[in-house]
Amino acid sequence: MSTPTTTPSGETYDQTVNTLGTLQDQLVDMAEALIRALPNFVIALLILAVTWIAARFAVRIADVLTGKTPLRPSLKNLIDTVVKLAIWIIGLMIALIVVMPGMTPASLIAGLGIGAVAIGFAFQDIFENFLAGVLIMLREKMRIGDVIECEGIIGKVEHITLRETHVRKLSGEVTLVPNSILFKNPVEILTDDNVRRHEVIAGVSYDTDLDEAADVILNAVKGVDTVLADKGIDVFAVEFNSSSVDFKVRWWAGSKPRDMWESKDRVIRAIKRALDDAGIEIPFPYITHTFKERVPMGRDPGEAVES
C-alpha cells in the first residue's frame, strides 16, 4: 500500500491559492461595505451642503442684527466668524456620526479633545494668532481706520482677521502683521483721538532777548489756521546749543499723519517769517579755526605779510 507524498512546489501552490482567496474575500467584503455605506456618504454630503447654506444665511442674519447696533466693525467680524464656525462644527459632527454610525457625540467630543491637544502643539503659532485676534477684536482700542505704530510699522488698520491684521503703510504698501505681534508688543495708536500735540525746535542767536523771541514765536503759531490755539501753545527755552538757544514749540492739531505734516509745515514757515520780520537771527553753526603758528596774510600762498 502506497502513501501520498507532497512536494515543496505543491505546498507553495496551495499557500498562494489560499492567500489569493483570502485577499479576494477581503476585497469583496470591502466593496460590499462601501456599497452599503454609499447612502450614508450621500446623506453626509447633503448635510454638509445644508450646513454651508445655513452658515451663509446665519451670517446674513447676524449682519442685519449687528448692523442696527453701534458695534465696532472688528466685533461684527468676530460675531460673523463665531456664528459660521459654530454652525460648521455642528454640521461636521452630524456628518461624521452619519458616516460612522457607531460613533456617539460623547466619543466624538472625547476624540476631538485628544486631537486638539496634538494639533495645538503642532500649530501653536496659528492658535496663538487666532486667540490674539479674538482678544484684539474684543478690546475697545485699535479700531479699523486707526493709524498705529508697532515694531517699526506705521500705517492705517484696514482689516482685522482671526489670523492677521492688514496695515497699509503711509507709503501705500500693505503689511500683514500677525495678531500675536500686535497683542504682545506695545501699540501706539496715533489717531485714538481727533487731535494730538505736535512740536518743533526753533533756535535763536545768543544775543537775542529771549522774552521777545518767545513772544514773537507764540504770536506766529497762534496765527496758523491749523493750530488749535484754545487748547494751549507752549514755547519753552530748553537748551543752550552750540550756536543757538533752542525753544521747544508745542501745539495741538489734527492727529492724522497728513494733518501733522501740514501743521508742521505752516508753523515752521510762520515762525521763520515772524523772526525775520522782528530782526531776530536764526543762526547756523559757527566754526572757529585756531592755528598754532602765524599764518601769512599776503596775496600769494607763503608770501610774507608786509609790516
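Shown above is the structure to which this text applies.
Here is what the cut-offs are and how they apply
- Within any chain, residue numbers begin from 1 and follow the written order of that chain's sequence.
- This being a predicted model, a pLDDT of at least 70 is required before a residue's local features are given, and a value of 80 or more before pairs of side-chain atoms are given or counted; all residues contribute to the totals for chains, interfaces and linings.
- Just so you know, side-chain values use all the structure's heavy atoms and leave hydrogens and water out.
- Numbering of helices and strands runs from the N terminus, with a helix taken as a DSSP run of H or I at least four residues long and a strand as a DSSP run of E at least two residues long.
- To sort residues, take the accessible area from a 1.4 Å probe on protein chains only and compare it with the maximum for the residue type: under 20% means buried, over 50% means exposed, and anything in between is partly exposed.
- A contact between two residues is defined here by any heavy atoms of the two lying within 4.5 Å.
- Values of accessible area rely on a 1.4 Å probe in the Shrake-Rupley scheme; residue burial ignores everything except the protein chains shown.
- Definitions used throughout: a 1 Å grid over protein atoms alone; a cavity as a set of points that fits a 1.4 Å probe which cannot get out; a pocket as an open set with protein on both sides within 12 Å along at least five of seven lines; a lining residue as one with an atom within 4 Å of a point.
- Grid points are joined across faces, edges and corners, and a volume is the space filled by probe spheres set on the points.
- We define a salt bridge as a side-chain nitrogen of Lys or Arg found within 4 Å of a carboxyl oxygen belonging to Asp or Glu.
- For patches, a residue must show more than 30% relative accessible area and have no salt bridge; joins then use 9 Å for like charges and 5 Å for nonpolar side chains, namely Val, Leu, Ile, Met, Phe, Trp and Tyr.
- Counting of polar contacts relies on pairs of N or O atoms within 3.5 Å, with two restrictions inside protein: one atom must be capable of donating a hydrogen and the other of accepting it, and residues adjacent in sequence are counted only when both atoms are side-chain atoms.
- At least two DSSP bridges between two strands are needed for those strands to be called paired.
- Helices are assigned an expected span. That span is 1.5 Å times one less than the residue count.
- Think of the arc as the fan of directions from the helix axis to the C-beta atoms.
- Neither His nor the chain termini are counted; the positive set is Lys and Arg, and the negative set is Asp and Glu.
- Lysine's charge is taken at NZ, arginine's at CZ, aspartate's at CG and glutamate's at CD.
- Throughout this description, the term nonpolar core refers to a set of buried Ala, Val, Leu, Ile, Met, Phe, Trp, Tyr and Cys residues connected via side-chain atoms within 4.5 Å.
- Working definition: rings of Phe, Tyr and Trp (its six-membered ring) pair if their centres are within 6.5 Å, and the pair is stacked with planes under 30 degrees apart, edge-to-face with planes over 60 apart, and tilted otherwise.

(A) Inspection of the overall build of the protein at higher detail. A tally of helices and strands in the protein yields seven helices and eight strands. Looking at the protein as a whole, 26% of its 307 residues are labelled buried. Put simply, 63% of the contacts in the protein that link residues at least 6 apart link residues at least 24 apart. Total accessible area on the protein is roughly 21200 Å²; 62% of this is exposed by carbon and sulfur atoms.

(B) Examining empty space enclosed by the protein more closely. Within the structure shown, the criterion is met by one cavity of 30 Å³ or more. Put simply, the largest cavity is a space of about 40 Å³. If you trace the largest cavity, you find it lined by Ile148, Cys150, Glu151, Ile153, Val167, Val177, Ile181 and Leu182. Secondary structure elements with two or more residues in the lining of the largest cavity: strand 1 (147-150) and helix 5 (179-184).

(C) Local environment of the pattern of salt bridges. Under the definition given, this model contains nine salt bridges. Ionic pairing is found between Arg250 and Asp234, a salt bridge with its closest N-O pair at 3.0 Å. Placement of Arg250 in strand 8 (residues 245-254) and of Asp234 in strand 7 (residues 234-240) is noted, with a sequence separation of 16 residues between them. Look at Arg250 and you get partly exposed, because its relative accessible area is 22%. The exposure class assigned to Asp234 is buried, which follows from its relative accessible area of 19%. In the salt-bridge network here, residues are joined through shared partners; they are Arg197, Asp234 and Arg250.

(D) Examining a nonpolar patch on the surface more closely. Together, Leu23, Leu27 and Met30 make up an exposed nonpolar region whose accessible area comes to about 320 Å². Structurally, the position occupied by Met30 is in helix 1 (residues 8-67). The class for Met30 is exposed, based on a relative accessible area of 57%.

(E) Expanded view of the side chain of Ser244. Looking at the element boundaries, Ser244 is found in the loop between strand 7 and strand 8. What makes Ser244 buried here is its relative accessible area of 7%. Side-chain polar atoms of Ser244 contact the side chain of Asp246, separated by 2.8 Å.

(F) Summary view of the sheet that holds strand 5 (residues 188-189). Ordered in space as 4-3-2-1-5, the five strands form an open sheet in which the pairing is antiparallel. Single-partner strands in this sheet number two, and they are strand 4 (174-178) and strand 5. Relative to strand 3 (residues 164-169), strand 2 (residues 153-160) runs antiparallel, the two sharing five bridges. Within the sheet, the bridge partner assigned to Lys156 lies in strand 3 and is Arg168.

(G) Here's a closer look at helix 7 (residues 257-277). Helix length check: helix 7, at 21 residues, gives a terminal C-alpha distance of 30 Å against a target of 30 Å (1.5 Å per residue), a fit within 8%. Turning to helix 7, its buried residues are Pro257, Met260, Ser263, Val267, Ala270, Ile271, Ala274 and Leu275. Axial view of helix 7: buried residues confined to an arc of 155 degrees, hence all on one face. Of the exposed residues in helix 7, the ones pointing more than 90 degrees away from its buried face are Arg258, Trp261, Arg269 and Asp277. Buried residues along helix 7 sit against strand 1, strand 6 (195-204), helix 6 (210-222) and strand 8. Positioned one or two residues after helix 7, Gly279 has a phi angle of 70 degrees, which is positive.

(H) Spotlight on a negative patch on the surface. A surface patch of negative charge is lined by Asp209, Asp211, Glu212 and Asp215. One can find Asp209 in the loop between strand 6 and helix 6.

(I) Structural view of the nonpolar core. Counting 24 residues, the largest nonpolar core has Ile217, Val221, Val249, Trp251, Val267 and Ile271 as the members making the most contacts within it. The set of elements that each furnish at least two residues to this core consists of strand 6, helix 6, strand 8 and helix 7. Sort the elements by how many residues they give to this core and helix 6 lands first, with six residues. Counting 11 residues, the second-largest nonpolar core is a separate cluster that includes Ile136, Met142, Ile148 and Val167.

(J) Structural detail: the packing of aromatic side chains. Summed over all chains, the structure comprises one aromatic pair. Centre to centre, the rings of Tyr206 and Phe240 are 6.3 Å apart; their planes meet at 15 degrees, and the pair counts as stacked. Taken together, the positions of Tyr206 in the loop between strand 6 and helix 6 and Phe240 in strand 7 put the pair 34 residues apart, joining distant regions of the chain. The class for Phe240 is exposed, based on a relative accessible area of 67%.

Note that all results are geometric; they support no functional claim without further evidence.
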